[in-house]
Every structure is written in structure tokens, then in C-alpha cells.
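Below are the chains, spelled out letter by letter.
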Amino acid sequence: MTAFSLEPGQRAWCAELRALAADRLRPLAEKGEPGHVNRPLVAELGALGLLRRLFTSGALDLCLMRESLAYACTEAETALALQGLGAHPVHAHGTPEQRERWLPLVSDGSAVAAFALSEPGAGSDAAALSLTAHPDGPGRWRLTGEKCWISNAPEADLYTVFARTTPGAGARGVTAFLVPADRSGLTGTGLDMLSPHPIGALDLDAVPVTAADVLGEVDGGFRVAMGTLNLFRPSVGAFAVGMAQAALDATLDHTARREAFGGRLSDLQAVAHQVAEMALRTEAARLMVYAAATAYDAGDADVPKRAAMAKLLATETAQYVVDHAVQLHGARALQRGHLLEHLYREVRAPRIYEGASEVQRGIIAKELYKNLEGAP
């Protein structure tokens with residue numbers, strides 16, 4: 001298998017996932033309340049064994065899951081992805097006790113996880129965190145500060161919280177902590193966002209944590225964060241590709257059937273060429289996502305660059321494809337409840353979260369110049 005083609009078994013699995021998303025997950029998603037965790041949906045993802053695969057599969061499998069689910073049910077895709085993002089640091093860096101306590105609950109959907117990195121003044125600049133872990137005795141701290149734009153907050157059951165343990169040390173002074181939601185001093189509020197999935201802010205008022213809550217090493221939290229993002233950024237691209245493909249397929253169907261100007265829309269060269277461009281960009285983004293995921297699974301050295309490229313290209317492509325799909329559908333696509341109205345709301349956020357498009361360009365440039373022979 002190469003980065004540029006899937007094996008028959010993988011293609012069959014993707015088709016099965018699309019069917020499951022349409023038949024079993026979408027009905028649960030439609031019963032959910034926008035802006036709140038849909039626990040029946042999360043539990044069904046667990047019952048289907050998909051959440052468990054977050055911790056037993058590689059990056060390519062994660063991308064195939066996210067792309068396939070996004071095609072038929074974006075809410076299911078996002079619920080799965082947020083479980084992985086929030087709990088991957090526990091899987092990759094947790095102690096045996098942390099893993100034994102939390103991973104089975106996350107895998108069966110009975111515990112909801114969240115990744116708490118961003119702050120009101122430190123969104124894209126993750127090294128500029130101001131939430132502080134104040135020493136409170138040997139191996140003990142008190143977390144004080146705010147987190148913002150946190151998916152699944154404030155309804156999650158556990159949070160991977162990144163806090164500053166060494167002042168003035170930049171990225172080298174951040175530690176990751178596993179913080180259960182019932183810790184004293186931890187409160188939160190929901191935010192009313194364009195995206196339908198839950199996003200909130202957290203307030204930490206002297207929240208007690210100990211060495212037993214550290215994920216990885218003290219002052220090693222930035223590595224935990226970047227390792228998690230390097231895995232999930234290509235799969236954000238896969239989410240975007242799934243949405244782009246859904247929009248493209250809807251457009252193909254609509255333009256082939258819609259009568260206008262004495263023929264079908266697809267007979268108009270301007271329309272046909274636009275659809276061809278949408279398909280071209282979607283396939284290019286898909287290939288870059290698969291290539292980045294395959295590089296991650298192979299342990300290649302250039303994963304940060306590839307992951308950034310995949311997320312950047314795929315999310316920008318999805319925005320383009322969905323926007324042009326709306327244009328070709330006309331006013332009907334703006335009706336509440338239409339597939340494209342839904343995708344139009346969903347497609348905007350991925351260009352910002354887990355590193356905005358501008359951040360991805362910065363990462364790509366940094367990696368390019370880092371490898372330039374003779375560069376300072």
C-alpha cells in the first residue's frame with residue numbers, strides 16, 4: 001500500500017463507515033442539542049468500537065475514519081475526533097494508572113474528554129500560555145487562570161490542561177496535567193459559536209494537581225501538545241475532505257438534474273468546469289492527507305511539515321468547494337436544514353482550530369528553512 005491508493009479492504013471499511021454514519025449515527029446526531037455534548041452519540045461511537053480504534057490504529061486509519069464519518073454525519077465525526085484529541089495525551093504519555101482509569105471509559109463513550117490548550121490571550125501562540133501552575137509543596141501545584149475555545153467544555157469529564165510551570169521559559173516551561181472535571185476550583189461556561197459542536201471556556205481557581213496528574217514530564221508539556229497536534233492535524237484535513245466530497249457529490253447530482261437555460265446546468269461549460277475544479281482540489285487534498293498520515297505512521301522526520309501542509313490544503317480546499325457548491329445550488333442551499341447550509345457552518349472552523357491556516361504556513365516555512373543547508 002502506498003500513500004496514493006487504498007487497499008480493497010480499506011475502501012470497503014470506508015464504505016461501511018459511511019453506511020453506519022448514515023443509518024445509526026445521524027439519527028442520534030439529529031436528536032442532539034447544538035452546543036452541547038451528545039452523550040448518546042458518543043456512547044454509540046463506543047458501542048461500534050470506533051472510539052477504541054482511536055488508541056489502537058495509526059494516523060491513516062484515523063484519517064479514513066474521520067473522512068468517512070464526515071461525509072455522512074459531521075456531528076459523529078467531531079464527537080469521535082474530540083475524544084481522540086482530549087485523550088490521546090493520556091494514551092501516549094499517561095502513567096499506567098492514568099491509562100487504566102480513563103482510557104476504557106473514553107473508549108466505551110461513558111467519559112467525555114477535552115484538550116485544553118488555548119487561552120484568551122494565547123490561541124495560535126501556544127507557547128505564550130499564562131495559566132499558571134503555582135507550587136504548593138513537593139510534587140503539588142495549584143492551577144490558576146483561564147482556558148478558552150475548548151471543545152467539549154464545560155461538559156467534559158476529563159481535561160488535558162496545559163499550564164505554565166516555569167515562568168519565562170516559553171515552550172520549555174509548560175506542563176500537561178490530567179484534570180478530572182470534578183476537581184475543586186474548576187468551573188466553565190459554554191460559548192455560543194457558529195459551529196454546532198460544544199465549545200466553552202474554563203476558569204481554574206487554585207485547582208489542586210499533583211505529580212500523579214502530570215502527563216509526560218514536568219516542563220515537557222509542549223512536546224505533549226505538539227505530538228498530539230502532529231497526529232491530529234492531518235485528520236482535521238480528512239474531516240475537511242469528507243465535507244468537500246459530500247458537497248461535491250451533492251453538486252454533481254444537482255447540476256446533472258437541474259433544468260436551466262434550455263438544458264441542464266451541467267451542460268453549461270462554466271458550470272462543468274467549476275465542478276471539475278472542485279473535484280480536482282478535493283482529490284489533491286485527499287492525497288496530501290493520506291501522504292501525511294502515512295509519513296506519520298512510518299515515523300518520518302518531516303511529519304510536522306507534512307501535517308501542516310495537509311491541514312492547510314484540505315481545510316482551505318473544503319472552504320472553496322463548499323462555497324462553490326452553495327453558489328451552484330442557489331438559494332435552496334441557504335435554507336436551514338439543507339446539507340450545504342449545514343456544511344457551510346461546519347467548514348469554517350477547521351481553518352482556525354488546531355492552528356490557523358496562517359500558523360500552518362509559518363510551520364511549513366520554519367521546517368523548510370530549518371533544513372536549508374548553511375542556514376543559521
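Trainee: Would you mind going over a nonpolar patch on the surface with me for this structure?
Mentor: Taken together, Leu368, Tyr369 and Leu372 make up a surface patch of nonpolar side chains, about 350 Å² in accessible area. Along the chain, Tyr369 turns up in helix H11 (residues 357-370). Overall, Tyr369 belongs to the exposed group, its relative accessible area being 59%.

Trainee: How should I be thinking about the environment of Leu105 in this particular structure?
Mentor: For Leu105, the position within the fold is in helix H6 (residues 96-107). Residues Leu105 and Leu51 lie 54 residues apart in sequence; the distance between their C-alpha atoms is 10 Å. Beyond its immediate stretch of four places on either side in the chain, Leu105 contacts Ser110 and Ala111.

Trainee: Can you walk me through unusual backbone geometry in this structure?
Mentor: It is generally the case that most residues other than glycine have a negative phi and that most peptide bonds are trans. Omega for the bond connecting Ala153 with Pro154 falls within 30 degrees of zero, at 0°, which places this linkage in the cis form. Positive phi, normally seen in glycine, also occurs at Asn152, with a value near 75°. When you line up the elements, Asn152 lands in the loop between strand E3 (140-151) and strand E4 (158-164). Residue Asn152 is classed as buried on the basis of its relative accessible area, which comes to 6%. Positive phi values are uncommon outside glycine, yet Ala206 reaches one of about 55°.

Trainee: Would you mind going over the state of the cysteines with me for this structure?
Mentor: What makes a disulfide is a covalent bond joining the sulfur atoms belonging to two cysteines. Taken as a whole and judged by the stated rule, the model has zero disulfides. Between Cys14, a cysteine without a disulfide, and Cys63, which holds the nearest cysteine sulfur, the sulfur-to-sulfur distance is 10 Å. With relative accessibility at 6%, the residue Cys14 sits in the buried group. Residue Cys63 is classed as buried on the basis of its relative accessible area, which comes to 0%.

Trainee: Would you mind showing me how to read the pairing of E3 here?
Mentor: Every regular strand shows the same layout, with side chains that alternate between the two sheet faces. One ladder, built from four bridges, connects strand E2 (residues 132-135) with E3; its direction is antiparallel. In the sheet register, Ala133 faces E3, and the bridge partner there is Leu143. Between E2 and E3, which pair antiparallel in sequence order, lie four residues; one of them, Gly137, sits at a positive phi of approximately 110°. In this sheet, strand E7 (residues 199-210) lies alongside E3 in antiparallel orientation, the contact comprising nine bridges. Bridging from a neighbouring strand, Arg140 pairs with Thr210 of E7.

Trainee: Quick question: what am I supposed to make of the nonpolar core here?
Mentor: Burial of nonpolar side chains together is a common tendency in soluble globular proteins. Judged by nonpolar contacts, the single largest core of 82 residues is most densely connected at Leu45, Met65, Leu80, Leu158, Phe162 and Val289. The element that contributes the greatest number of residues to this core is helix H7 (residues 221-257), accounting for 14 residues. Ignoring anything within four residues of it in the chain, the contact list for Val289 reads Cys63, Pro234, Gly237, Ala238, Val241, Ala310 and Ala314. In this structure, Leu131, Ala133, Ile150 and Ala153 belong to the second largest nonpolar core, which totals 22 residues.

Criteria and thresholds
- Residues numbered from 1 in each chain as written.
- Predicted model: local features only at pLDDT ≥ 70, side-chain atom pairs only at ≥ 80, totals over all residues.
- Heavy atoms only, no water.
- Patch = residues over 30% accessible without salt bridge, like charges linked within 9 Å, V, L, I, M, F, W, Y side chains within 5 Å.
- Areas by Shrake-Rupley, 256 points an atom, 1.4 Å probe, with all protein chains shown as cover.
- Salt bridge = Lys/Arg side-chain N within 4 Å of Asp/Glu carboxyl O.
- Helix = DSSP H or I, 4+ residues; strand = E, 2+ residues; numbered from the N terminus.
- Buried < 20%, exposed > 50% of the residue type's maximum accessible area, 1.4 Å probe, protein only.
- Contact = heavy atoms within 4.5 Å.
- Disulfide = S-S within 2.5 Å.
- Pairing = 2+ DSSP bridges.
- Core = buried A, V, L, I, M, F, W, Y, C linked by side-chain atoms within 4.5 Å.

That is the geometry; function is a separate question.
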